[in-house]
Number of protein chains: 2
Amino acid sequence: MSDHNIDWVDRLKPAAPDGATTITTERSRSNLDVDSLAQHLLGTDFLERQDRILAQIKLDPLFSKDRQANLGRPERYMLGLARSKRMRQMADRYNWSEEDYETAKYLVDDISPYQLHQTMFRQTLLEQTSPEQKKYWMDLHESWTIVGAYAQTELGHGSNVSGIELIARWDPKTKEFILHSPTLTASKWWNGSLGRTATHSIVAAQLLLPDVVDGKGETVYKSYGPHMFVTRVRDPETHKPLPGIVIGDIGPKYGYASMDNAYMLFNNFRIPHNAMLSRYSRVDPETGKYYKPENKAVLYGSMTHARKRITMAARLALARAVTVAVRYCSIRRQFHDKEARSPGGYETAVLDYPTVQIRLLPLLATSYALHYTGERMGQIYEATRSNVDGGDLSSLIDLHSLSSGLKSLVSELAANGIETCRRSMGGHGYGGGSGLVQLNADYLAKPTVEGDNWMITQQMARYLIKKVTLISCSTTNFVPSNRTESVLHEYYMTKSTDPKPLDIFSDDGNIVKAFERRAAYLSFEAHHAHHVQKRSWKSLLIQMHQLSHAQSEMILVHNFFDSLTADTTLPPATRNILWLNFRLFALCTTGKSTRDFARASAVLETQLDAIPDTIVNIMQEMRPHAVRLVDAWSIPDYLLDSALGRSDGRVYEDLFNRAHRLNPLNTLTFNPDYRTDELVKGSNDGGAILSKL
Amino acid sequence: MSDHNIDWVDRLKPAAPDGATTITTERSRSNLDVDSLAQHLLGTDFLERQDRILAQIKLDPLFSKDRQANLGRPERYMLGLARSKRMRQMADRYNWSEEDYETAKYLVDDISPYQLHQTMFRQTLLEQTSPEQKKYWMDLHESWTIVGAYAQTELGHGSNVSGIELIARWDPKTKEFILHSPTLTASKWWNGSLGRTATHSIVAAQLLLPDVVDGKGETVYKSYGPHMFVTRVRDPETHKPLPGIVIGDIGPKYGYASMDNAYMLFNNFRIPHNAMLSRYSRVDPETGKYYKPENKAVLYGSMTHARKRITMAARLALARAVTVAVRYCSIRRQFHDKEARSPGGYETAVLDYPTVQIRLLPLLATSYALHYTGERMGQIYEATRSNVDGGDLSSLIDLHSLSSGLKSLVSELAANGIETCRRSMGGHGYGGGSGLVQLNADYLAKPTVEGDNWMITQQMARYLIKKVTLISCSTTNFVPSNRTESVLHEYYMTKSTDPKPLDIFSDDGNIVKAFERRAAYLSFEAHHAHHVQKRSWKSLLIQMHQLSHAQSEMILVHNFFDSLTADTTLPPATRNILWLNFRLFALCTTGKSTRDFARASAVLETQLDAIPDTIVNIMQEMRPHAVRLVDAWSIPDYLLDSALGRSDGRVYEDLFNRAHRLNPLNTLTFNPDYRTDELVKGSNDGGAILSKL
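Where an unreviewed UniProt entry is consulted, chain A appears under the name Acyl-coenzyme A oxidase, with the organism given as Penicillium bovifimosum. Note on chain A: under the UniProt heading Catalytic activity (unreviewed entry), the record states "a 2,3-saturated acyl-CoA + O2 = a (2E)-enoyl-CoA + H2O2". We quote the UniProt Cofactor (unreviewed entry) comment for chain A here in full: "FAD".

Structure follows, in structure tokens:
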């Protein structure tokens, strides 16, 4: 609202052609079958569920996003708490399935303060409890009688879990464990849902058991490494921390305003024997003897579980930003083309500029590339889980390496891509009407959480180097057990014969081969540096990171290729447009590392030089289909929460509505005279703001 | 504050070695002379002023940054208003110079709602008013009797100023201009200081003068393009918009929460004849005749002025992020090195990992590279201004191209660099204690404001192609008039002789030559594509963008080289460390575009292959000096507002303090039971949050 409500403003329309007209024209220029593609990408179940849950959500004003960006941090937490309670109430009322509930969270897009209760707390209880513990805890969990969190990371220790400082010392007299934080850096830190919400928490601590008695009669303890415990942390009546525990929220962050990340310290806080999660390892309460887990690999479980959906989530986060940017850039016009008059004599749509295309269309292609690998990863996870349940843990290691490498690449592509989309939209991209402010702030957590992107690539590199060692040392008849081994083995068998660079322009299959050859080349090179030249692992870390990315890029390319090759459901015209996306993704990725592809003798030199022009040509072919390609992702306007990315193209009407009718700052009239401290006219409120500092 | 104040928490210390000890050790390992380098970079005046103003600022609790990140948008605007009033009051009381005032704003780091009053409003009045207008307005401006803004950009038009839709139609009867917004997209938009603060504004509008009378007796108007007007927009008593004007704030954005960016619409709003700024062009009030400006170049003035300080500002924005990241990464430890035991048996400082170095040390070097070019740009601006004042406008075009190309590259390096620093810090980098949340959100505006980074590079490219045309077409004895022409001419004279690739490892001068050769090569290539192959300008836009960046990189490299070569003031050991920075910056930049350097025959192929290893070696040499190199930027802890980047290294103590003692969310106790809508324990406040949505 403005200072005066003047109805001449309400009658104004955008200059012609307006966004609605433009986007309708855009859609009419493409023969891509949006419905078929949406089914292909998301499936009927997903689309039906999204519609159904969206309709339910929209009925409740608590889920309105109109003014939430104006709230301060404490209010954002409160809003998140209120929304999460309401969603659980709705789940009970409407009898939501777990997927229904997940869909609601996806659409509301406000991280829930109960998030860890529903993920890591639950997962850890499921995986690490003894049968008796599971029986006791799972009912309390399911009914939200308790609210749980997961406290592993500390102020001083994140990635290196074995370095955590919190101790859990066994007291054989009382048969209790004593949780104690010996230093400030031992404080638990970042633990979601724990800062203000949780009543209970899983707690990771170094297990200490009495070992010997020293000369002065003092007990000497021996450490058995980090173990998991579960304990109540807040009083059931007052919700204040229990005596001996200090907990709080760590304060504002880049994003996730509605999440209460915690700090937590213990002062000789006693918990009973059965607080230690004892499915795999346990302490005998009578003898104080420690029983260790039979197989280390079981501990990969939760971590790998957390990474399970990262590629699928990344594709939708990126698709969301691309949807906004492609739609807006097809509507936004700037400058007349002096060389070629545009239709209708209008200024040129900015998406027609190659400098805008080169930023957006490769990201559009990337959203598709991520999709097929995300889908494939889902299959691999299911297969691995059934192997593990059947007692075969071998493929868990493969999966862990694969998921580490992909997590690093994929979260980087999406995080950087969101910002690239934002910048492609010029000035309006910086405004709240872009709908990308919160998406960007939230998503920026991904490159560093659940394994720092620059650290976990070591898993993938180490895996590849082991495979090279295996292949180089095998004397005869090596039989590859998976695709990575096949590729490395084939490279090993042919590398002495100086294989010819590939023609990647006339055969899409050769694109996949070129990516395989380059990844194999870098694997052997890294193996040589470490094992033959004996260079230290640390000195090769940058190279290892690049190797992991090269391997992950190859995986994205081959899954994209395989999926399109195998597809029989899409109309041919639509599938052909996806092949353009495949080529664009692959060539742009090649173009960023031409020296590697050249050194690996993977691509013809003349083609490496021709990549920039080829990319421009492919983009021109893709251009008419851009809006329909983003439409297929079926992201509802409610989730986009974007004036620029509205499906109906009413960009300027929506921007103006947000400013003129929804902005709470415009309800106040200020006093700009610097000689007075009065801020709001007639309020004499000079010192009020001070009380908040 | 936590729920209980338990003093055992206050006695806890971080695990050894604490940050203070570590950073002291860090500093003792380097012989870099911080004081000399700080003088060299910033000068005595700057350093003295910073200390003096900082001491004054810190006395006033209004400038405390302790809790500001918790405030909502409307409160952030109010805080900004209060702070700006206070600063102006202090300027009066302490008799601050303009530089003192700028320093205060730099330290408080909260964009002022009076910002446009002090910059574009003032600058435009100074440059575009007639002598009588100047006399009338400048006093009102200086005393803040009025508060002015600058309204050019519209909802539908940003970069293309000539496309703005607001009209100013001359009414010869009343001798007034009538401001009118014919459409919604004609709304002024983004205009700083205007949404809630300003009483007046400069307004850009299409000047329409009566031309002929048509057959029906209606006056037909002719457009004379965009012109500047100045008008009161709000009532002096009520501060409400005047009748016929609608103004408001456009709502929350990525950053700049304390700035009131505006929308503004006019409904046949009449302003007097003398509202049109008439230094260069004017309308005769009696005859209605239009007098046009003598020289178009005068209009570049304000725009170039706005870009004047962008490189110097970028270097400090980047230096701030690098300061935080380098200090924190030298203190943060993670994992034991299994191949080489670290001193004291402690875990490895993360800055010792090449994967952290490769992200931070090139950015540290970049902050220095930006410095020398920023300094050089200042000299060029002064020279150009004195030429222009003397009537010679020729160098203004050179300067405009140069500043366009640099603005694009430099703001991109800084914006991306800040985020790279943030990610290098792992989990804690995502927290508010990083001190980078607001810096990042604010700085992200730079790549798209004051000329979109992907558009303005055309200026530089066009300039270079014109020079190539000039040189190619000159028959004999071409005499270069500046360095760019010399480089292009030299390249032109030798390119047919196939010049040998340069050895850039053994001669720093050859690094500069290699950058020159690559930029010249790309200039001739672009010229060939456009003028010989006749490819359209639009189809070459990506290539032109890359050409501009290549030229700008060359400028950064040669100014860095020239400045170090000419320096006689720094202690030799310190200067040698800067040479390491030079090489690191140049080689990392080369490494990103190896294919260009190879195609231009600028660098030996073997050296292109050896760049990654060479970079690792240089970083190892630089590593011990990293903390002192950032110390030299002399950024006060108050400005950093960062637990991670504190100069005394007390990282963990500060993180804990912010969480445990300063976080307002921890003053509330919540009710997590989903069966009740109560949020804060005992408050029964279930619906309160709804009223804000």
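The rest of the description comes next.
K.L.:
Looking at this model, I keep getting lost on the domain arrangement of chain A. Mind explaining?
P.N.:
Reports of interface size often rely on the accessible area that becomes lost once the parts have come together. Residue and element names in this part refer to chain A. For chain A, the assigned domains read domain 1 (31-110), domain 2 (118-294), domain 3 (304-380 + 404-443) and domain 4 (494-631). Taken together, the 27 residues of domain 3 in the interface contact 25 residues of domain 4. For the pair domain 3 and domain 4, the summed buried area comes to about 2,400 Å², and 72% of that belongs to carbon and sulfur atoms. Looking at the side of domain 3 facing domain 4, the largest losses of area belong to Tyr 368, Tyr 372 and Leu 409, adding up to 24% of the total buried there. Across the pair Arg 623 and Asp 352 runs a salt bridge, and its minimum N-O distance is 2.7 Å. Counting across the domain 3 and domain 4 interface gives 6 residue pairs in polar contact (both at pLDDT 80 or more).

K.L.:
In this structure, what is going on with the relation of the copies chain A and chain B? I would like to understand it.
P.N.:
Two copies of one chain are present, and they are related through a rotation about an axis combined with an axial shift. Rotating chain A by 180° about the axis while translating it 0.0 Å along that axis superimposes it on chain B, leaving an RMSD of 0.0 Å. Viewed as a symmetry operation, the transformation between the two copies matches a two-fold axis. Closest approach to the rotation axis among the C-alpha atoms of chain A is made by Gly72(A), whose C-alpha sits 1.8 Å away. Interface residue correspondence from chain A to chain B reaches 100%, placing this contact among same-surface, isologous pairings.

K.L.:
In this structure, what is going on with the environment of His239(B)? I would like to understand it.
P.N.:
Residue placement: His239(B) occurs in the loop between β6 (219-232) and β7 (245-249). Apart from the residues lying within four places of it in its own chain, the contact partners of His239(B) are Thr669(A), Phe670(A), Pro672(A), Lys681(A), Arg196(B), Thr197(B), Ala198(B), Thr199(B) and Arg234(B). Among the polar contacts made by the side chain of His239(B), one reaches the main-chain carbonyl oxygen of Thr197(B) at a distance of 3.2 Å.

K.L.:
Would you take a moment to explain helix α7 (residues 131-142) of chain B for this structure?
P.N.:
The periodicity of an α-helix, 3.6 residues per turn, causes residues three or four positions apart to be oriented the same way. Residues and elements named next belong to chain B. An ideal rise of 1.5 Å per residue puts 16 Å on 12 residues; α7 measures up with 16 Å between its terminal C-alpha atoms. Elements that come into contact with the buried residues of α7 comprise α6 (115-128), β5 (200-213) and β6. Of the residues one or two after α7, Trp 144 is the one with positive phi, at around 55°.

K.L.:
It is not clear to me how the sheet that holds strand β8 (residues 262-266) of chain B should be interpreted in this structure. Could you clarify?
P.N.:
Strand pairing within a sheet occurs via backbone hydrogen bonds; the two strands may be parallel or antiparallel. With antiparallel pairing, 3 strands are arranged side by side in an open sheet as β4-β8-β7 (chain B). Only two strands of the sheet have a single neighbouring strand rather than two, namely β4 (188-191) and β7 of chain B. Neighbour to neighbour, the strand axes of the sheet diverge by 15° on average, direction disregarded. With 5 bridges joining them, β7(B) and β8(B) adopt antiparallel strand pairing. Residue pairing for β8(B): Gly248(B) is matched across the bridge by Tyr263(B). In the packing of helix α23 (residues 651-662) of chain A onto the sheet, the strands contacted are β4, β7 and β8 of chain B, and the crossing angle to β8(B) comes to about 100°.

K.L.:
How should the packing of aromatic side chains be read in this particular structure?
P.N.:
Geometry of an aromatic ring pair is reported as the spacing of the ring centres plus the angle between the planes. A complete count under the given rule lists 50 aromatic pairs over all chains for this structure. Aromatic side chains Phe177(A) and Phe229(A) sit 5.1 Å apart centroid to centroid with 65° between the ring planes, which places their arrangement in the edge-to-face category. With a gap of 52 residues between them, Phe177(A) in strand β3 (residues 176-180) and Phe229(A) in strand β6 (residues 219-232) connect regions that are remote in the sequence. Side by side, Phe177(A) and Phe229(A) carry an identical accessibility label, which is buried. For the pair Phe266(A) and Phe269(A), a centre-to-centre distance of 5.8 Å together with 45° between the ring planes defines the contact as tilted. The class for Phe266(A) is buried, based on a relative accessible area of 0%. Aromatic ring contacts, followed pair by pair, group Tyr372(A), Phe560(A), Phe561(A), Trp579(A) and Phe582(A) into a single cluster. The positively charged end of Arg282(A) is found above the aromatic ring belonging to Tyr291(A), 4.5 Å away from the centroid. Cation over ring: Lys65(B) sits above Tyr638(B), and NZ or CZ is 4.0 Å from the ring centre.

K.L.:
What exactly am I supposed to notice about the packing of helix α11 (residues 394-424) of chain A against helix α11 (residues 394-424) of chain B here?
P.N.:
When two helices pack together, their arrangement is given by the angle between the helix axes and by the axis-to-axis distance. Interhelical geometry of α11(A) versus α11(B) gives an angle of 150° and a closest axis separation of 13 Å. Our classification of the angle between α11(A) and α11(B) gives roughly antiparallel. Between α11(A) and α11(B) the crossing geometry is right-handed. Every residue of α11(B) that contacts α11(A) at Glu412(A), Ala415(A), Asn416(A) and Arg423(A) is listed here: Glu412(B), Ala415(B), Asn416(B) and Arg423(B).

K.L.:
Can you walk me through the pattern of salt bridges in this structure?
P.N.:
Side-chain pairs of opposite charge can arise whenever the charged atoms involved come near each other. All names here are of chain A. In this structure the tally under the stated criterion is 88 salt bridges over all chains. Arg 88 is the salt-bridge partner of Asp 92, the closest N and O atoms lying 3.3 Å from each other. Within this pair, Asp 92 and its partner Arg 88 are both found in helix α4 (residues 73-94), separated by 4 residues, close to a single helical turn. On the accessibility criterion, Arg 88 (12% relative accessible area) is buried. The salt bridge partner of Asp 567 is Arg 575, with a shortest N-O separation of 2.8 Å. Each member of the pair, Asp 567 together with Arg 575, is buried.

Rules used throughout
- Residues numbered from 1 in each chain as written.
- Chains lettered and ligands numbered in written order.
- Predicted model: local features only at pLDDT ≥ 70, side-chain atom pairs only at ≥ 80, totals over all residues.
- Heavy atoms only, no water.
- UniProt positions renumbered as here; feature names shortened; annotations may be inferred.
- Domains from an automatic or database assignment.
- Contact = heavy atoms within 4.5 Å.
- Buried area = accessible area lost by both parts, 1.4 Å probe.
- Salt bridge = Lys/Arg side-chain N within 4 Å of Asp/Glu carboxyl O.
- Polar contact = N/O pair within 3.5 Å; in protein donor to acceptor, adjacent residues only side chain to side chain.
- Least-squares fit on C-alpha atoms with pLDDT ≥ 70 in both.
- Helix = DSSP H or I, 4+ residues; strand = E, 2+ residues; numbered from the N terminus.
- Expected span 1.5 Å × (residues − 1).
- Pairing = 2+ DSSP bridges.
- Axes fitted to C-alpha atoms, helices over the stretch in contact; angles between N-to-C directions.
- Phe/Tyr/Trp six-rings, centres within 6.5 Å; stacked < 30°, edge-to-face > 60°.
- Buried < 20%, exposed > 50% of the residue type's maximum accessible area, 1.4 Å probe, protein only.
- Lys NZ or Arg CZ within 6 Å of the ring centre and 35° of its normal.
- Parallel < 35°, antiparallel > 145°, perpendicular 65-115°, else oblique.
- Left-handed = near helix turned anticlockwise from the far one by under 90°.

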